[in-house]
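The chain contents come next:
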Amino acid sequence: MSSVNDILTVIQQHRIRFVRFIWCDNANVIRAKAVRTTFIQDYLDGDGVGIAAAQQALPVMYDALSPGSGLTPAGEAHMRADWSTFAPLPYAAGHARVLTDIYDGDRPWVHCPRSFLRRMIARAADHGLQVFAAFENEFSLLRPSESGPQPFDTTVFCQTWALDQAAPIINAITDALEAQGLQVEMTYPESGPGQFELPVRYADALRAADNQIVFRETVKAVAHQHGALASFVPKIYPDKAGNGAHLHFSLQRDGRSLVVEPERPHQLTAEMRAFMAGILHHLPALMALTTPSTNSFKRIRPRFWSGAYTCWGIGNREAALRAPQPSAGRPITNIELKTSDATANPYLALGALIAAGLDGIERGLALGDPVDGDPADLSDEERHKRGIQQLPSALGEAIAALERDDVLLDALGSSLAQSYLAVRRAEWEAMRTMSHDEEVRLLLERY
Ligand code: GLU
Ligand code: MG
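Note that the coordinates shown come from a computational prediction; the quantities given were computed from them, not determined experimentally.

**Q** It is not clear to me how the overall build of the chain should be interpreted in this structure. Could you clarify?
**A** Helix and strand content of the chain: 13 helices and 18 strands. Its C-alpha radius of gyration of 21 Å places the chain within 12% of the 22 Å reference for a compact globule of 447 residues. The principal-axis extent of the C-alpha atoms belonging to the chain is close to 65 × 50 × 50 Å. Burial analysis of the chain (447 residues in total) assigns 58% to the buried set. Counting contacts in the chain only where the partners sit at least 6 residues apart, residues at least 24 apart contribute 70% of the total. Of the roughly 18,500 Å² of accessible surface on the chain, a fraction of 48% belongs to carbon and sulfur atoms. Averaging the coordinates of the 42 positive side-chain charges in the chain and doing the same for the 53 negative ones gives two points 1 Å apart.

**Q** Looking at this structure, how should I read the site of ligand 1?
**A** As a matter of local geometry, ligand 1 sits amid Glu138, Glu190, Glu197, Gly242, Gly244, His246, Arg299, Phe304, Trp305, Ser306, Arg317 and Lys338. A distance of 3.1 Å is found between an oxygen atom of ligand 1 and a side-chain nitrogen or oxygen belonging to Glu190. Taking Gly242, its main chain carries an N or O atom lying 2.9 Å from a nitrogen atom of ligand 1. Protein contact buries 93% of the 300 Å² of open area that ligand 1 shows by itself. When atoms are counted within 2 Å of each cavity's grid points, the one that captures over half of ligand 1 is the largest pocket. By residue class, the composition of the shell around ligand 1 is two nonpolar, four polar and six charged.

**Q** Where do I start with the environment of Leu229 in this structure?
**A** The residue Leu229 is located in strand 13 (residues 229-231) in this model. Aside from chain neighbours lying at most four places away, what touches Leu229 is Ser140, Leu141, Leu142, Pro149, Leu444 and Glu445.

**Q** Is there a simple way to explain the packing of helix 6 (residues 270-290) against helix 10 (residues 395-403) in this structure?
**A** Two quantities define a packed helix pair, namely the angle between the axes and the distance from one axis to the other. In the contact formed by helix 6 and helix 10, the axes pass within 7 Å of each other and the chain directions differ by 115°. Judged by the inter-axis angle, helix 6 sits roughly perpendicular to helix 10. Of the two possible hands of crossing, helix 6 and helix 10 adopt the one that is left-handed. Facing Pro284, Ala285, Met287, Ala288 and Leu289 of helix 6, the residues of helix 10 in contact are Ala398, Ile399, Ala401 and Leu402. Per-class residue counts for the contact of helix 6 with helix 10 are nine nonpolar, no polar and no charged.

About the criteria used
- Residue indices begin from 1 for each chain and proceed along its sequence in written order.
- The lettering of chains begins at A and the numbering of ligands begins at 1, in the order of writing.
- Predicted model: local features are reported for residues with pLDDT of at least 70 only, side-chain atom pairs are reported and counted for 80 or more only, and whole-chain, interface and lining totals are derived from all residues.
- No hydrogens and no water enter the side-chain calculation; it runs on all heavy atoms of the structure.
- Secondary structure is summarised from DSSP: a helix means a run of H or I of at least four residues, a strand means a run of E of at least two, and numbering begins at the N terminus for each.
- Note that the radius of gyration is over C-alpha atoms, with the globule rule given as 2.2 Å times the number of residues to the power 0.38.
- Only protein chains enter the accessibility calculation, which uses a 1.4 Å probe. A residue is then buried if its area is under 20% of the maximum for its type, exposed if over 50%, and partly exposed in between.
- We call two residues in contact when some of their heavy atoms are within 4.5 Å.
- Surface accessibility follows the Shrake-Rupley procedure with a 1.4 Å probe radius. Residue values consider only the protein chains on display as shielding.
- Neither His nor the chain ends contribute to the count of charged residues, in which Lys and Arg are positive and Asp and Glu negative.
- A charged residue contributes its charge at one atom only: NZ of Lys, CZ of Arg, CG of Asp or CD of Glu.
- Being near a molecule or strand, for a residue, comes down to having at least one heavy atom within 4 Å of it.
- As used in this structure description, the phrase polar contact means that two N or O atoms lie within 3.5 Å; if the pair is within protein, one of them must be able to donate a hydrogen and the other to accept it, and residues adjacent in sequence are counted only when both atoms belong to side chains.
- A 1.4 Å probe that fits into a set of points on a 1 Å grid over the protein atoms alone but cannot get out defines a cavity; an open set with protein on both sides within 12 Å along at least five of seven lines defines a pocket, and lining residues are those with an atom within 4 Å of a point.
- More than half of a molecule's atoms within 2 Å of the grid points is what it takes for that molecule to sit in a cavity or pocket.
- Ten residue types, Ala, Val, Leu, Ile, Met, Phe, Trp, Tyr, Cys and Pro, are classed as nonpolar, four, Asp, Glu, Lys and Arg, as charged, and the remainder, Gly among them, as polar.
- Here the axes come from fitting lines to C-alpha atoms, over the contacting stretch only for helices, and the angles between their N-to-C directions go from 0 to 180 degrees.
- Orientation is classified from the angle alone, with under 35 degrees giving roughly parallel, over 145 giving roughly antiparallel, 65 to 115 giving roughly perpendicular, and any other angle giving oblique.
- Here a crossing is taken to be left-handed if its near helix is turned anticlockwise relative to the far helix by less than a right angle, and right-handed if that turn runs clockwise.

Here it is in structure tokens:
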């Protein structure tokens, strides 16, 4: 929806009191300032809602500046609504929301994550490429109890008893997502306690990242209306399956898929292979953006189907990059990065994935052979011969890899790279020695 009249009509029809101007910061906390609709006219033609520039220096733990971010308590940036994303909130009567690009005067702010993704989409377009994507989320439902939140169920993978218990919540989430234009494709109980998956349809890259914000907001809010807590924290229960947000992507040129060769449904194109090789090459650094919390690294473990090795495979759930295996005779339509979770700011994660992939194309990087079976079962020597590495096992290593990765740093630009790394370093320093319980307690409601 973008015409001014349409927006004003919806505001009237739904008796909207407040429009939330939403942004997602470097720590991936989703935040909003809500404008009273009596004054909305002022914001319809591009006037922005001000936020302190220091917002991009806040770590997940508390509202205080991370050292070395390059940002200070002085300075203001302005959120400008992208009115094409405006929607009434089905779970908060009287409220609507709009997603925003953050501006510094007349120019997109150098620290704005959504503007970063726009830049990477434009870079892909310079290669004649359009990027499509979807975040495939897993999340945990918990019930409050006097001894703290307890898992909603203790069922195993796809056990129907979990669906029976959660059907009212899953139905309400689905209705709320669909009312906001997302298309729910499926649902099933995942392996972990109270764990569910609810994949949504792919979209162009910017819309896919926007959808991820809408998805997280909606799942948490609707679960709360049903007396449950929904959390995207990657590893809540140390010895059980974690919550991934697998990042599915595909490329097109002139509206035609570039994933596989025409008439050869399993033969990836040279460009797709190079794009994937770029992602694998940069993956240790990319993880600082796609699996960026201290907790993320507890999920990335061999034998948990979370993508712990730099390799790819067809239908291989232990490879970081998986080509989902199509039915007989059908083409591969997309590739999935498993090394990704919902503690990632979706604009930064997807933008950095595009930057890594384009680097693979520009440098003509070669993709190795697909791996069949579990890479953890190969000997060290075999993995070494095939160029397969185990990925970083802690946030500190991924931060160090990003600090050395000129391609990703250059794509982010020096200011965003500085504020982003400052936030991650602050989180790593503050949380590296936390007990698991303390860490989960801190993150459970943030994500
Ligand atoms: N829960 C697994 C993860 O941590 C993924 C399981 C699956 O393949 O869907 O990513
Ligand atoms: Mg899953």
